[in-house]
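Topology and contacts: notes
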Amino acid sequence: MKRNILPYFLSLAIAVLLLSSCANHPDVPSSFKEAKCLPAIYPDYCNVTVPCNIAPLNFMLPADQYEACVARLTTPDGQQQTYGSGVKVQIPEEEWHAMLNASKGKSLKVEVWGQKADEWLSFSPFEIHVAEEPIDGYISYRLIEPTYVAWSYMEIAQRNLSSFEESQIFNNEITMNDKSIGQCINCHSYQNYKTDNMLFHVRLSNAGTVIVNNGKVSKRNLKRDYTISGGVYPSWHPTAKLIAFSTNKTRQAFHTQNHNKIEVYDEASDLILYDVETDSVSVVSADTTLLEVYPTWSPDGKYLYYCKTMPLPEEMRNKDIRTTFPKIQYNLYRRSFDIKSHDFGEEELVYDAVSQDKSATLPRISPDGRYLMFAEGRYGCFHSRHEEADIVCIPLSGDSALVEKGSALDFTLVNSKGYSESYPTWSSNGHWIMVASRRDDSNYSRVYFTYFNNGKAEKAFMLPQEDPEHNTFLLKSYNRPEFMVEPVKISVEEFSKVFEH
């Protein structure tokens, strides 16, 4: 008689699942001491507001202080689950998203226990507020060593924000034909958060601007006899196949005593407009006595915002910029734009940073047109290396282009103290702000998000990772993070083909 072994294997499978479940869902300690403080978890997710579609907020207790960690999450309807393995709390994606759905518009309660030697400590519980508004499905960023370290390999990557899936858009090795000079890739940009119209730059070896127009890839040379350089720092017009760029003569210098370590500056910069369909370049502004950089369109496409310096005092002109850099400061301006004629109107001052002994760069207008956000430091245009740089957000209202001094919103929970915040950008629904911050160790830029609603900004939180130690060991900065509502669908191999012609 043949023996039916199916029940045996079913029992074995169930036993394995139960063992796995016990490992993933440990028991809460039966005895413990009250710590009477919030847990020092990394990343810090205590009392943050998160999107209803974000990836699991995995975290850990300091491994040099604790031997084990257990966390219990409770949904508003009373469902509970525990997690913990060693000092790390890593939550399965399916279980996490079920808890987010049950907590939408409300909060998840989080309780944490940590073991020191033979004693368990119970920390004060905290909440993870779950906003009803989702975040865009994807972001992209360049991964590169800190700017005071020589780079070789770099890539532009994209990340699914509802999971931990990361994929490559392009890397600088596949088409590098001269390793003696290397290849730099940067300035990835998209039209209206979509990827059928996008671009990124390739410099040094095999240089050019890679443009995707209606899903078709080509490499363009934007340099003209009458421009300083090819296009830099792009901004797609929201409705037309037009891209605003600056053209720059950029330099880098190293400080020997200044705490900011590096100065990235322009010896010259102008603004241009590139027509994708006709491959034509027109000059927007080219004042040789001033510096103009970082163009960005208003959501309706009727205005081009940008940064511009004030004229230097006579006694400082024609001097080496390495001696005058603390006096290089930028205001924010705008020009009206006629979509039919491609003509620009007269310049209007929007934000007077110089009168406050400040420098404003990287402007971004919220999708509803109500807010102007930018990075502000003491001087210069490259605030990602300026420790005093913060993100500023100001309401736009009234007939005058000039915003009122002292009208900035409270961004205390967005900025850190004594560390650089830069590259601010809005999600497509205007409820999420993303910045590159060096607050963790002052050397590496990490991605942080902030919930924004009716002028109020909540506590910033780090881009979650499957392993909470990921950023501790990743010796790369996240450069120019950008929101996307969809992934780039063109493969690395497809992009590389445009360099063969």
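Residues numbered from 1 in each chain as written. Predicted model: local features only at pLDDT ≥ 70, side-chain atom pairs only at ≥ 80, totals over all residues. Heavy atoms only, no water.

Comments concerning the overall build of the protein
What the protein contains, in helices and strands, is five helices and 33 strands. Considered along the principal axes of its C-alpha atoms, the protein spans approximately 90 × 60 × 45 Å. Across the 501 residues of the protein, 54% fall into the buried class. Excluding contacts between residues fewer than 6 apart, the proportion of contacts in the protein whose partners are at least 24 apart in sequence is 59%. (Helix = DSSP H or I, 4+ residues; strand = E, 2+ residues; numbered from the N terminus. Buried < 20%, exposed > 50% of the residue type's maximum accessible area, 1.4 Å probe, protein only. Contact = heavy atoms within 4.5 Å.)

Thoughts on the sheet that holds strand β11 (residues 155-160)
One open sheet accounts for four strands, arranged β12-β11-β10-β33; its pairing is antiparallel. Two strands bound the open sheet, and with one partner strand each, they are β12 (166-171) and β33 (477-484). Adjacent strand axes in the sheet meet at a mean angle of 25 degrees when their direction is disregarded. Summarising the sheet, β11 and β12 pair through five bridges and their orientation is antiparallel. Bridge pairing links Ile 156 to Phe 170 in β12. (Pairing = 2+ DSSP bridges. Axes fitted to C-alpha atoms, helices over the stretch in contact; angles between N-to-C directions.)

What about a nonpolar patch on the surface?
A cluster of nonpolar side chains, Trp 151, Ile 181 and Leu 204, forms an exposed patch at the surface whose accessible area comes to about 270 Å². Note on placement: Trp 151 falls in the loop between β10 (138-144) and β11. Taking relative accessible area as the criterion, Trp 151 reaches 30% and is therefore assigned partly exposed. (Patch = residues over 30% accessible without salt bridge, like charges linked within 9 Å, V, L, I, M, F, W, Y side chains within 5 Å. Areas by Shrake-Rupley, 256 points an atom, 1.4 Å probe, with all protein chains shown as cover. Salt bridge = Lys/Arg side-chain N within 4 Å of Asp/Glu carboxyl O.)

Describing the packing of aromatic side chains
Here the structure, examined in full by the defined rule, presents 21 aromatic pairs. For the ring pair Trp 297 and Phe 337, a centre distance of 5.0 Å and an interplane angle of 65 degrees mean the geometry is edge-to-face. Separated by 40 residues along the polypeptide, Trp 297 in strand β21 (residues 292-297) and Phe 337 in the loop between β23 (330-336) and β24 (348-351) bring together distant segments of the chain. For the residue pair Trp 297 and Phe 337, the accessibility class agrees, reading buried in each case. Between Phe 449 and Phe 461, the aromatic rings sit 5.8 Å apart at their centres with planes inclined by 50 degrees, giving tilted as the arrangement. (Phe/Tyr/Trp six-rings, centres within 6.5 Å; stacked < 30°, edge-to-face > 60°.)

Examining the pattern of salt bridges
Under the definition given, this model contains 20 salt bridges. Across the pair Glu 145 and Lys 476 runs a salt bridge, and its minimum N-O distance is 3.1 Å. Here the residue Glu 145 occupies a position in the loop between β10 and β11, and Lys 476 occupies one in the loop between α4 (470-473) and β33, the gap between them amounting to 331 residues. Given the relative accessible area of 18%, Glu 145 is considered buried.

Points about the confidence of the model for the protein
On average, residues of the protein score 91 in pLDDT, and 93% of them reach the 70 mark or higher. Confidence drops under a pLDDT of 50 for residues 5-23, and excluding neighbours within four residues, the segment shows one contact in the predicted structure. (pLDDT = per-residue confidence, 0-100.)

Structural notes on the environment of Thr 412
Take Thr 412: it is sitting in the loop between β27 (390-395) and β28 (421-426). Classification of Thr 412 by relative accessible area gives exposed; the value is 56%. Residues Thr 412 and Pro 238, spaced 174 residues apart in sequence, show a C-alpha to C-alpha distance of 31 Å. Within the structure, Thr 412 has its side chain in polar contact with the side chain of Asp 410 (distance 2.5 Å). (Polar contact = N/O pair within 3.5 Å; in protein donor to acceptor, adjacent residues only side chain to side chain.)

Some remarks on the sheet that holds strand β16 (residues 216-220)
Taken in spatial order, the four strands line up as β13-β14-β15-β16 in an open sheet, and their pairing is antiparallel. In this open sheet, the two edge strands, each paired with only one partner strand, are β13 (183-191) and β16. In this sheet, neighbouring strand axes are inclined to one another by 20 degrees on average, regardless of whether the strands run parallel or antiparallel. Judged from the five bridges that link them, strand β14 (residues 194-204) and strand β15 (residues 208-213) form a sheet pairing that is antiparallel. When the sheet's bridge partners are listed, His 201 is paired in β15 with Thr 209.

What to know about the pairing of β28
The buried count for β28 comes to six of six residues, which makes it a mostly enclosed element. As judged from the four bridges shared by β28 and strand β29 (residues 432-437), these two strands associate in the antiparallel manner. Across the sheet, Ser 422 pairs through a bridge with Ala 436, a residue of β29. Joining the antiparallel neighbours β28 and β29 is a turn of five residues, in which Gly 430 adopts a positive phi near 75 degrees.

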